[in-house]
Amino acid sequence: MLSAEIKTENLKTIVNVISTLIDEVKFTISREGMVLKAVDPAHVAMIEMDIGSGAFDKYSYDSEEDFFDIGMDLEKIKAIIKLASLGDAIKLSMDPKTGKAVFSIGTITRSMNLVDASGIMTPKVPNLNLSSNVTVMAEYLQKGVRAAESISDHIAIDLNGNEFRLSCSGDTDDARLELSGDEILSIEVAGPIRSLFPLDYFSNLIKAVPASTEVTLELETNNPVRLRFTLADGNVSVAYFLAPRIE
Amino acid sequence: MLSAEIKTENLKTIVNVISTLIDEVKFTISREGMVLKAVDPAHVAMIEMDIGSGAFDKYSYDSEEDFFDIGMDLEKIKAIIKLASLGDAIKLSMDPKTGKAVFSIGTITRSMNLVDASGIMTPKVPNLNLSSNVTVMAEYLQKGVRAAESISDHIAIDLNGNEFRLSCSGDTDDARLELSGDEILSIEVAGPIRSLFPLDYFSNLIKAVPASTEVTLELETNNPVRLRFTLADGNVSVAYFLAPRIE
Amino acid sequence: MLSAEIKTENLKTIVNVISTLIDEVKFTISREGMVLKAVDPAHVAMIEMDIGSGAFDKYSYDSEEDFFDIGMDLEKIKAIIKLASLGDAIKLSMDPKTGKAVFSIGTITRSMNLVDASGIMTPKVPNLNLSSNVTVMAEYLQKGVRAAESISDHIAIDLNGNEFRLSCSGDTDDARLELSGDEILSIEVAGPIRSLFPLDYFSNLIKAVPASTEVTLELETNNPVRLRFTLADGNVSVAYFLAPRIE
């Protein structure tokens, strides 16, 4: 059984990031925290999230097993988050024996049946060898994806020398974001890189991340992109994989 | 004829509370103020509201009769309230002889035909003998009804010793609000009380009341609940009756 | 070719005013600024707008011709404005030779094909002899048109002595705005004036104008109204003509 307490803001960010991909998820819970690996129904994107116990204000694991799995419907957690004010602490307990999750916020208690975790597959995280990477603030990427909307279904990422570019071309319109110099936190480019990705997946993820997050994009031409970032003051590590569209 | 002036905020609160039940209403107007008794079309809930002349900034009654009735469409008053800014005063005059109501806000004047009051029935307010009661801030009740939404159509109210509980049970989910100690302003319980009410009626009323309102719930197992509260600095007294659903 | 820079707020106001009438517009661009003449598809209203180069923070005209025409889809400019924060500067360049318009905001660039300007007619602005006029703040007019909504399709404008009145009559409801004294900035009335106009056109224009704009209405009974006002600190002059509905 797990008993824990988390800031509303942290729970909200975690749930928002995961739910860009999928609603019913399996968490593997241990003394060290919670781990999630999930793939979207179309198998276009995958997320690996490591929620360390430090992401919680209190975290108490009590089981004879080294870990246990629980299944959750994220839409229900979103409904609970809406009951909280910013700054509220959310208490939660999850017990695979009773099959119940209980959330409480002040004088309010919400309990629900857990989803059967045995029916939720754990995807195998791919081992990718990506030669190049760039780290930028999520805020810039958010501007880029907003500018690309309604122009095309695809977004291109280019790395060239010390420049990073997001671009999108339609029949009559084009949009691009170009970053260089101080706008880039770090960059390592093995050679000119260009890959094309589905805009909706990329855009939904980028919008779910807090604007001040440092996001690292690891790339190789015509290969998946791996986005790495942390949430909740570094206590949550995320790797997000997105398959390319070949031009 | 009545000529009066009222703060936008007070008119808004009064109209919001009544319109959880019904749109076309009859007010009985006298030198002392306005009185309303109304039942919803399904006869599940009833409201009795006494709007003292002190709820108005100015109140001038001019008629040879001791009182007169006027019929109003609350949706039209809501539209007028939307034209006002918070802090604006709304002037109003109602004249059963001309059959007109006139509202003015600054340089704007809206006039409308009154609704025929003779076609609106005055319900008989039931004489209930309810053994137990509890007084709490509306703010708590609002949290409770929000947590109950989408779980079930019913909400249970329990009084037991010094504890007050709102609860709601669905097939897989439960929600409850539990108050005790300082969270309760006053409580008198004749014995364990439990009644079930339709969530939508209860929820709509509770949300229409300002959060800082002290609400008294008078209860008896499987009997109607009577909610009592005041609005507009105590100048408006409300009694709201809601029929139980028998378990 | 034109290269210019404009405050987001100024571009937004200009586009909002024009797009109450029409989406695809032709601007005639010269060293002095941009000029637009447009009529709505139903030929009920017409706008003449003179955007002086002073409305821009930078304005650089580079062409061997004295002027050139470009066609724009205002919906696309609205989408670009949404990408900017208040206080952002928007850079723009328009080149009839390449047929491209390019907008940039910080690190974001959006380019698009111009619309073929030769297909957009330039209406002939009528020469009206209107005897009377009144100047008031847009804020008052905005209150008047909001009060008139859902009462009737028409709004009447009356000038009489030193009084200005907007009014609207329905089957059971009436609304009016009456201004006099300090509420009127200036007034010249040749005799009692009354004209009726379509509420939707009048209302949409009035709502698109910043509340603090001084609007002059030039009137003659049963003639079109000409509204005159300036935007962007006086650097944009607008004349808007609206046909009357004969009672």
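Residues numbered from 1 in each chain as written. Chains lettered and ligands numbered in written order. Predicted model: local features only at pLDDT ≥ 70, side-chain atom pairs only at ≥ 80, totals over all residues.

1. Points about the overall build of chain A
Here's step 1: Within chain A, the regular secondary structure consists of four helices and 18 strands.
Here's step 2: The globule rule puts the C-alpha radius of gyration for 247 residues at 18 Å, and the 19 Å found for chain A is close to it.
Here's step 3: Each of the three principal axes of chain A carries a C-alpha extent, and together these read 55 × 35 × 30 Å.
Here's step 4: Out of the 247 residues belonging to chain A, those deemed buried represent 38%. (Helix = DSSP H or I, 4+ residues; strand = E, 2+ residues; numbered from the N terminus. Rg over C-alpha atoms; globule rule 2.2 N^0.38 Å. Buried ≥ 20, exposed ≤ 12 C-beta atoms within 10 Å, placed from the backbone.)

2. Details of the sheet that holds strand E3 (residues 33-39) of chain A
Residues and elements named next belong to chain A.
Here's step 1: A sheet is described by the order of its strands in space; here nine strands give the open sequence E6-E2-E3-E4-E18-E17-E16-E10-E14, paired in antiparallel fashion. Each having just a single partner strand, strand E6 (67-73) and strand E14 (186-188) make up the two edges of the open sheet. Here the average twist between neighbouring strands, direction ignored, is 15 degrees. (Pairing = 2+ DSSP bridges. Axes fitted to C-alpha atoms, helices over the stretch in contact; angles between N-to-C directions.)

3. Side note on the relation of the copies chain A and chain B
Here's step 1: If you rotate chain A by 120 degrees and push it 0.0 Å along the axis, it lands on chain B with an RMSD of 0.0 Å. On this basis, the relationship between the two copies can be described by a three-fold rotation axis. The rotation axis passes nearest to the C-alpha of A:Leu86 in chain A, at a distance of 15 Å. (Least-squares fit on C-alpha atoms with pLDDT ≥ 70 in both.)

4. Structural notes on the environment of B:Ala45
Residues and elements named next belong to chain B.
Here's step 1: Residue placement: Ala-45 occurs in strand E4 (residues 45-52).
Here's step 2: The buried category is assigned to Ala-45, around which 24 C-beta atoms lie within 10 Å.
Here's step 3: Sequence separation of Ala-45 and Pro-198 is 153 residues, and the distance between their C-alpha atoms is 10.0 Å.
Here's step 4: The residues contacting Ala-45, other than those within four sequence positions of it, are Leu-21, Asp-40, Tyr-201, Tyr-240, Phe-241 and Leu-242. (Contact = placed C-beta atoms within 7 Å.)

5. Things to note about the domain arrangement of chain A
Residue and element names in this part refer to chain A.
Here's step 1: What the domain assignment lists for chain A is domain 1 (2-119) and domain 2 (132-242).
Here's step 2: One C-alpha centre belongs to domain 1, the other to domain 2, and the line joining them spans 28 Å.
Here's step 3: Contacts between domain 1 and domain 2 engage 17 residues on the former and 17 residues on the latter.
Here's step 4: Of all the elements, strand E4 (residues 45-52) adds the most residues to the side of domain 1 that touches domain 2, at eight residues.
Here's step 5: Partitioning the side of domain 1 that touches domain 2 into residue classes produces nine nonpolar, six polar and two charged. (Domains from an automatic or database assignment. Nonpolar A, V, L, I, M, F, W, Y, C, P; charged D, E, K, R; others polar.)

6. Quick look at the interface of chain A and chain C
Here's step 1: Taken together, the contact pairs 14 residues of chain A with eight residues of chain C.
Here's step 2: Of all elements in the fold, only helix H3 (138-148) and strand E13 (173-179) of chain A reach the threshold of two or more residues within the side of chain A that touches chain C.
Here's step 3: In terms of residue class, the side of chain A that touches chain C is made up of five nonpolar, two polar and seven charged.
Here's step 4: By the bridge criterion, five bridges tie E13(A) to strand E9 (residues 108-113) of chain C in an arrangement that is antiparallel.

7. Some remarks on the interface of chain A and chain B
Here's step 1: At the interface, nine residues of chain A touch 15 residues of chain B.
Here's step 2: Sorting the residues of the side of chain A that touches chain B by element identifies helix H2 (74-83) and strand E9 (108-113) of chain A as the ones contributing at least two each.
Here's step 3: It is E9(A) that contributes the most residues to the side of chain A that touches chain B, six residues altogether.
Here's step 4: Grouping the constituent residues of the side of chain A that touches chain B by class yields four nonpolar, four polar and one charged.

8. Thoughts on the confidence of the model for chain A
Here's step 1: Across chain A, the average pLDDT comes to 96, with 100% of residues at 70 or higher.
Here's step 2: Across the assembled chains, the prediction reports ipTM 0.89 with pTM 0.92. (pLDDT = per-residue confidence, 0-100.)

9. Digging into the packing of helix H1 (residues 8-18) of chain C against helix H2 (residues 74-83) of chain C
All names here are of chain C.
Here's step 1: Put simply, H1 and H2 touch, their axes get as near as 10 Å, and they point 150 degrees apart. In terms of orientation, H1 and H2 fall into the roughly antiparallel class. Handedness of the crossing formed by H1 with H2: left-handed. Residue-level inspection shows Thr-8, Leu-11, Lys-12, Val-15 and Ile-18 of H1 in contact with H2, the latter providing Leu-74, Ile-77, Lys-78 and Ile-81.
Here's step 2: Considering only residue class, the contact of H1 with H2 consists of six nonpolar, one polar and two charged. (Parallel < 35°, antiparallel > 145°, perpendicular 65-115°, else oblique. Left-handed = near helix turned anticlockwise from the far one by under 90°.)

10. Things to note about the sheet that holds strand E7 (residues 89-95) of chain B
Here's step 1: Sheet architecture is open: nine strands sit in the order E5(B)-E1(B)-E7(B)-E8(B)-E9(B)-E13(C)-E12(C)-E11(C)-E15(C), paired in antiparallel fashion. Each having just a single partner strand, strand E5 (58-61) of chain B together with strand E15 (193-198) of chain C make up the two edges of the open sheet. On average, each strand axis in the sheet is tilted by 20 degrees relative to the strand beside it, whichever way the strands run.
Here's step 2: Contacting strand E9 (108-113) of chain B together with strand E11 (154-160), strand E12 (163-169) and strand E13 (173-179) of chain C, helix H3 (residues 138-148) of chain C crosses the sheet at an angle of about 170 degrees to E13(C).

11. Considerations on unusual backbone geometry
Here's step 1: Even without being a glycine, B:Ser150 presents a positive backbone phi close to 70 degrees.
Here's step 2: By secondary structure assignment, the location of B:Ser150 is in the loop between helix H3 (138-148) and strand E11 (154-160).

12. Some remarks on the environment of B:Gly191
Here's step 1: Tracing the backbone shows B:Gly191 in the loop between strand E14 (186-188) and strand E15 (193-198).
Here's step 2: As a C-alpha pair, B:Gly191 and B:Asn160 span 31 residues in sequence and 6.8 Å in three-dimensional space.

13. Digging into the pairing of E3(A)
Residue and element names in this part refer to chain A.
Here's step 1: In the sheet, strand E2 (residues 24-30) pairs with E3 via four bridges, with the strands oriented antiparallel. Pairing of Thr-28 across the sheet is with Val-35, part of E3.
Here's step 2: Taking the residues between adjacent antiparallel strands as the criterion, E2 and E3 are bridged by two residues.
Here's step 3: Taking the residues between adjacent antiparallel strands as the criterion, E3 and E4 are bridged by five residues, where His-43 takes a positive phi near 60 degrees.

14. Considering the pairing of E11(C)
Along any regular strand, the residues point their side chains to alternate faces of the sheet.
Residue and element names in this part refer to chain C.
Here's step 1: Across six bridges, E11 lies against E15 in antiparallel orientation. Across the sheet, residue Ile-157 finds its bridge partner in E15, namely Ser-195.
Here's step 2: Sheet analysis places E11 next to E12, joined by five bridges and oriented antiparallel. Considered in E12, the bridge of Ala-156 is made with Ser-167.

15. Re the environment of C:Asp73
All names here are of chain C.
Here's step 1: Here Asp-73 is to be found in strand E6 (residues 67-73).
Here's step 2: Spatially, the C-alpha atoms of Asp-73 and Val-125 are 22 Å apart, while their sequence positions differ by 52 residues.
Here's step 3: Those residues in contact with Asp-73, other than ones at most four positions away along the chain, are Asp-23, Glu-24 and Val-115.

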